[in-house]
Amino acid sequence: MMALRLLLHLAFLGLGTTQPLAHQQSFSAPAFDWPSLSNLNSPQEVPDPIQIPSNGSKPLVVDVHVFVSNVFNVDILRYTVSSTLLLRLSWLDTHLALNSTGHQQKTVMLPWDVLWMPRLTVREALWVNWQDKNPQARVDRDGRIEFHLALTTETNCDFELFHFPRDQSDCHLSFFAFSSTVTELKFQVHAVNEIVSVKREFMVEDLKIQIPSQQLVPCFQVTLRLQNTALKAILTLLVPGEALLLADLCGGLLPLQTERIAYKVTLLLSYLVFHSSMMQALPSSSSCNPLLVYYFTVLLLLLFVSTTETVLLAGLLARGNLRAEDSRNPVLNGEQQDHGKPGSNPEEAPGAGKGCRRSWAEAADHIFFQVYVVGVACSQFIFIALWMWATCKSDPAPGAAAPHGGQPRL
């Protein structure tokens, strides 16, 4: 009986010791642990990070081919542009060369996280979407590595909108490899325009590659030259504005009466609504605002002056007619008493005064109309001359000449 109790007791002890051991073996240990902040001097084994392939005393040369496949969502109000690109990077790593004759495969596909590769950052990007989350690199027998990156990004662009809607702007995409230095890494870049669609408002006229000098980290810059086709802006902005101006000129041919005042006021109110909506559609800038902003403001002033002239002359003419009517009533009373006397003509004096006043107002209105037509024509020619020959260069950005990748200034 005592022996049976002893065996049961040992069995329970065995179960109590084996369960924790099995629980500990079910967790996988991490690949490595960083030293804790409380004991930085304690020796711990940390795996060496993947080093950049050595190229002797020269920096490693990475060939980059940039394929631009799409440019869309060009927003001149937010100064942003979206684009889709494919980057093909290739470099030589002699440590991965297959020198053994036993290897029959010409190429090997390896995951990106087991190889060294440049970590690229787009400086102007608001967001970047890397389409392949787990890309693979192709390694051939002599150690040549080829790697593809497909991305969609939205970047800032300093549009030159002085000649909007026939504007032309250069948008930059600057790629920086902040994990390397210029003594370790060097880029050789080529660009290819693969955009095949022409049904868009902004066209990519040119594609350039530049490697900025005096930078502290390796970088390259892709420049997209965008040309506005201007058809939408011409139909929605210029045509309505010119139509209203032409209607105002035609209104000057109407007789100087109440109907012309209603016509002019209606045109002015319509243009005020158009001007308000147009100013919201046009972009604003700290320098080199579009010429259309000033042009439509001048048109508004011209319409205001024309309406004011019509109201003033019509008001003066109406007030003169009222005074003539008031002065005519006593004359008519006296004429009724002298009715029948020879040589009396009751309508001669008042009619003569009314015709004199009307001829004076019509003469002033005719002179103003001629001056107004000349002023409108001159404003059109001046605007065309400015559009053709005037230039405006935006102020340089505060950090345009500063090198990137260095220590922050205190």
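Residues numbered from 1 in each chain as written. Predicted model: local features only at pLDDT ≥ 70, side-chain atom pairs only at ≥ 80, totals over all residues. Heavy atoms only, no water.

Asks: Looking at this structure, how should I read the UniProt feature "transmembrane region" (unreviewed entry) in the protein?
Replies: In the numbering adopted here, UniProt assigns the feature "transmembrane region" (unreviewed entry) to residues 233-254, 261-282, 294-318 and 367-390. The span residues 367-390 carries 96% helix and 0% strand; its end-to-end C-alpha distance comes to 33 Å. (UniProt positions renumbered as here; feature names shortened; annotations may be inferred. Helix = DSSP H or I, 4+ residues; strand = E, 2+ residues; numbered from the N terminus.)

Asks: For this particular structure, what's the right way to read a nonpolar patch on the surface?
Replies: Taken together, the side chains of Leu231, Ile234, Leu235 and Val239 make up a nonpolar region of the molecular surface, amounting to roughly 360 Å² of accessible area. For Leu235, the location among the structural elements is in helix 2 (residues 231-251). (Patch = residues over 30% accessible without salt bridge, like charges linked within 9 Å, V, L, I, M, F, W, Y side chains within 5 Å. Areas by Shrake-Rupley, 256 points an atom, 1.4 Å probe, with all protein chains shown as cover. Salt bridge = Lys/Arg side-chain N within 4 Å of Asp/Glu carboxyl O.)

Asks: Which parts of the structure should I look at to understand the packing of helix 2 against helix 3 (residues 258-281)?
Replies: Between helix 2 and helix 3, the least distance of the axes is 10 Å, while the angle of their chain directions is 165 degrees. In terms of axis orientation, helix 2 runs roughly antiparallel to helix 3. The two elements helix 2 and helix 3 meet at a crossing, and its hand is left-handed. Listed contacts from helix 3 to Thr236, Leu237, Pro240, Gly241, Leu244, Ala247, Asp248 and Gly251 of helix 2 are Arg260, Tyr263, Lys264, Leu267, Tyr271, Phe274 and Met278. When grouped by side-chain class, the residues that make up the contact of helix 2 with helix 3 number 9 nonpolar, 3 polar and 3 charged. (Axes fitted to C-alpha atoms, helices over the stretch in contact; angles between N-to-C directions. Parallel < 35°, antiparallel > 145°, perpendicular 65-115°, else oblique. Left-handed = near helix turned anticlockwise from the far one by under 90°. Contact = heavy atoms within 4.5 Å. Nonpolar A, V, L, I, M, F, W, Y, C, P; charged D, E, K, R; others polar.)

Asks: Help me understand the nonpolar core in this model?
Replies: A general trend in soluble globular proteins is that nonpolar side chains are found buried together. In this structure, Leu292 and Phe296 are the most contacted members of the largest nonpolar core, which totals 70 residues. Per element, the largest residue contribution to this core is 9 residues, and it comes from helix 4 (residues 291-337). For Leu292, the contacting residues outside a window of four places in its chain are Phe164, Pro165, Leu237, Leu238, Leu282, Phe383 and Trp387. (Core = buried A, V, L, I, M, F, W, Y, C linked by side-chain atoms within 4.5 Å. Buried < 20%, exposed > 50% of the residue type's maximum accessible area, 1.4 Å probe, protein only.)

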